[in-house]
Amino acid sequence: KGVPGPPTTDCSLEISLSCRIDDGEIPCEEYNSPADGDCSRTATYIHVLQNMAPFNSGKDLLLTSITRNRPGDVPHGDDFDFLDDLYNEVPQTLQAAFSMTIKESPTINFCTDDTTYVTTFNTVSTPDSGTTQCEDEVMYTLDLSS
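Worth saying up front: this structure is predicted, and the values here are computed from it rather than measured.

A. Quick peek at the pattern of salt bridges. For the structure on display, the rule yields 5 salt bridges. A salt bridge links Arg41 to Asp38; the shortest N-O distance between them is 3.8 Å. On the basis of relative accessibility, which here comes to 33%, the residue Asp38 falls in the partly exposed class. Put simply, Glu104 and Arg68 hold a salt bridge, and the shortest N to O gap is 2.6 Å. Separated by 36 residues along the polypeptide, Glu104 in strand S7 (residues 99-104) and Arg68 in strand S4 (residues 61-69) bring together distant segments of the chain. Comparing Glu104 with Arg68 shows no difference in burial state: the two are buried. In the salt-bridge network here, residues are joined through shared partners; they are Asp22, Asp38 and Arg41.

B. View of the side chain of Ser12. By the element assignment, Ser12 lies in the loop between strand S1 (2-3) and strand S2 (13-21). Of the polar contacts made by the side chain of Ser12, one reaches the side chain of Asn51; its length is 2.8 Å. Those residues in contact with Ser12 that sit more than four places away from it in its chain are Gln50, Asn51, Met52, Ala53 and Leu61.

C. Representation of the environment of Phe82 within the structure. Looking at the element boundaries, Phe82 is found in helix H2 (residues 82-87). By relative accessible area, which is 1% here, Phe82 ends up buried.

D. Geometry of the packing of aromatic side chains. Considering all chains together, one arrives at 5 aromatic pairs under this definition. Taking 6.0 Å as the distance between ring centres and 90° as the angle between the ring planes, the aromatic pair formed by Tyr45 and Tyr140 counts as edge-to-face. Highlighted residues: Tyr45 in strand S3 (residues 40-51) and Tyr140 in strand S10 (residues 133-143), separated in sequence by 95 residues. An angle of 65° between the planes, with centres 5.1 Å apart, marks the rings of Phe80 and Phe82 as edge-to-face. Taken together, the ring pairs connect Phe80, Phe82 and Phe121 into an aromatic cluster. When the ring centre of Tyr45 is taken as reference, the NZ or CZ atom of Arg70 above it lies at 3.7 Å.

Analysis parameters
Residues numbered from 1 in each chain as written. Predicted model: local features only at pLDDT ≥ 70, side-chain atom pairs only at ≥ 80, totals over all residues. Heavy atoms only, no water. Salt bridge = Lys/Arg side-chain N within 4 Å of Asp/Glu carboxyl O. Buried < 20%, exposed > 50% of the residue type's maximum accessible area, 1.4 Å probe, protein only. Helix = DSSP H or I, 4+ residues; strand = E, 2+ residues; numbered from the N terminus. Polar contact = N/O pair within 3.5 Å; in protein donor to acceptor, adjacent residues only side chain to side chain. Contact = heavy atoms within 4.5 Å. Phe/Tyr/Trp six-rings, centres within 6.5 Å; stacked < 30°, edge-to-face > 60°. Lys NZ or Arg CZ within 6 Å of the ring centre and 35° of its normal.

Interpretation in functional terms is not warranted from these geometric data alone.
Spelled out as structure tokens, the structure:
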């Protein structure tokens, strides 16, 4: 995924995105609101960034972009720039073997909200303060239309 050009093996960032009801054990996609009797719940989106380089390897990553897109998210907005909002646009260093977790917790009405929320989590990182740019993207779909 490295751009531009080789070596792409320097791209050691792995990202993931999940969603849990009230930051608990129940995945958002498995929540059955009519059966559970509670329509309006907090959907905690968990964004994890992990530098997979070995500990003490010195292969730090500079995170130059951390963004989220979720069309229809009224309380938080369709597009959200974590780097801008959390770190005043200052790129963040993620040391080798370390991870960072960012949580977002919009309230969703699981009973009346006939929507499909597609969340795209995107990062751009630069290994070892070099010129290679690594872009990673993951998606999470919460389908409430059924």
